[in-house]
Amino acid sequence: MKFYRLFFLSIVMITAASAKAQTSDATVKYPVLGKNDTIRVASTNEGGEMIPWIPLNEVVIYAYRVFKTPADRAAYNRLRYNVMKVMPYALYAKRRYEQLEKDLALATDKKTQKGLVKQCDKEIKEMFNREIKELTISQGQILTKLIDREVGRTTYEIVKETKGGITAFLYQSVARVVGHNLKSKYNPSEERDIEAIILSSGFYQ
């Protein structure tokens, strides 16, 4: 008789505990997950187990450069300063020239094309009058090389294509007076210091 009472009491206690748990679960409010609450990642099936993974950007480690003399270090730092100064202008020229080529390809008549070239020339001149005119001779020489690096054409070729040969000749004549050469080309093997500075600068990240 005691055994049946103990068994009956155990059933009652288990039932009460289960009912209490269900009541407790019913009062809990779980957050409603939306589409932005789930991060989708790539995964690989490895022996029946899906292993998630996330691609990471390439990390390039550069060796610490040792200079022979303090003068060499000062020259490199000066070169780095000049490259960092003019590189944004070269990238701007690249973007603007690429946009001009796209606009000219979509233009239906020569009048529209001339207007596009004129507008591009105006923007370049405004930037020149505002900022580029303050560049030193060394910075100007680096800029002409970087334009060839980014655009794939020398400054002389760009002026010749957009403004004509006579205008390009006049621009080149004026540039030569102040120590510039619009026909300067960029050779990565010869400009190894400039190339290293650009690649480690973060401009393309």
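Residues numbered from 1 in each chain as written. Predicted model: local features only at pLDDT ≥ 70, side-chain atom pairs only at ≥ 80, totals over all residues. Heavy atoms only, no water.

Along the backbone of the protein there are 7 helices and 2 strands. When the helices and strands of the protein are listed from N to C terminus, the series reads α-β-β-α-α-α-α-α-α. Counting only contacts in the protein whose residues sit at least 6 apart along the sequence, the fraction spanning at least 24 positions is 66%. Accessible surface, the protein: about 16,100 Å² in total, of which carbon and sulfur atoms supply 59%. (Helix = DSSP H or I, 4+ residues; strand = E, 2+ residues; numbered from the N terminus. Contact = heavy atoms within 4.5 Å. Areas by Shrake-Rupley, 256 points an atom, 1.4 Å probe, with all protein chains shown as cover.)

The next point concerns the packing of helix α2 (residues 70-106) against helix α4 (residues 137-151). Contact geometry of α2 with α4 gives a least axis separation of 8 Å together with a crossing angle of 40°. Put simply, α2 runs oblique to α4. Crossing angle aside, the handedness with which α2 passes α4 is right-handed. Looking at the contact of α2 with α4 residue by residue, the class counts come to 15 nonpolar, 3 polar and 4 charged. (Axes fitted to C-alpha atoms, helices over the stretch in contact; angles between N-to-C directions. Parallel < 35°, antiparallel > 145°, perpendicular 65-115°, else oblique. Left-handed = near helix turned anticlockwise from the far one by under 90°. Nonpolar A, V, L, I, M, F, W, Y, C, P; charged D, E, K, R; others polar.)

Chain-level statistics for the protein give a pLDDT mean of 76 and a share of 76% at 70 or above. Looking over the protein, one finds the lowest element-wise mean pLDDT in helix α1 (residues 2-27), namely 48, and the highest in α2, namely 89. Within the model, pLDDT remains below 50 along residues 2-9, and this stretch shows 0 contacts once partners closer than five positions in the same chain are excluded. (pLDDT = per-residue confidence, 0-100.)

Here the focus is the nonpolar core. V86, L143, L146, I147 and I198 are the most contacted members of the largest nonpolar core, which totals 25 residues. Of all the elements in the fold, those that place two or more residues in this core are α2, α3 (110-130), α4 and α7 (192-199). When residues in this core are grouped by element, the largest group, 10 residues, is from α2. Counting 5 residues, the second-largest nonpolar core is a separate cluster that includes V159, A168, A175 and L182. (Core = buried A, V, L, I, M, F, W, Y, C linked by side-chain atoms within 4.5 Å. Buried < 20%, exposed > 50% of the residue type's maximum accessible area, 1.4 Å probe, protein only.)

Moving on: the layout of surface pockets. Each pocket or cavity is described by its volume, and for the second largest pocket that value is around 260 Å³. Y62, A63, Y64, R65, F67, R73, Y76, R80, A196, I197, L199 and S200 together form the lining of the second largest pocket. Elements represented by at least two residues in the lining of the second largest pocket include exactly α2 and α7. (1 Å grid on protein atoms, 1.4 Å probe; cavity = no way out; pocket = protein on both sides within 12 Å on 5 of 7 lines; lining within 4 Å. Points joined across faces, edges and corners; volume = space filled by probe spheres on them.)

Attention shifts here to α4. Here α4 spans 21 Å end to end across 15 residues, near enough to the 21 Å set by a 1.5 Å rise per residue. All buried positions along α4 are accounted for by Q139, G140, I142, L143, T144, L146, I147, D148, E150 and V151. Just past α4, the residue G152 takes up positive phi, approximately 85°. (Expected span 1.5 Å × (residues − 1).)

The subject of this paragraph is the side chain of S184. Among the secondary structure elements, S184 is positioned in the loop between α6 (165-177) and α7. With near-sequence residues (within four places) excluded, S184 lies in contact with T144, K145, D148 and T154.

Here the focus is the side chain of D148. Its location among the elements puts D148 in helix α4. For the buried D148, no salt bridge exists, and the shortest N-O distance to an oppositely charged side chain is 4.2 Å, to K185. Excluding residues that lie within four positions of it along the chain, D148 makes contacts with R153, T154, S184, K185 and Y186. (Lys, Arg positive; Asp, Glu negative; His and termini not counted. Salt bridge = Lys/Arg side-chain N within 4 Å of Asp/Glu carboxyl O.)

Another point: the pairing of strand β1 (residues 42-46). Residues in a regular strand project their side chains so that they alternate between the two faces of the sheet. For β1 and strand β2 (residues 49-53), the ladder comprises 5 bridges, and the chain directions are antiparallel. Each bridged residue has a counterpart across the sheet, and for E46 the counterpart in β2 is E49. Adjacent in sequence and paired antiparallel, β1 and β2 are bridged by 2 residues, among which G47 carries a positive phi angle near 65°. (Pairing = 2+ DSSP bridges.)

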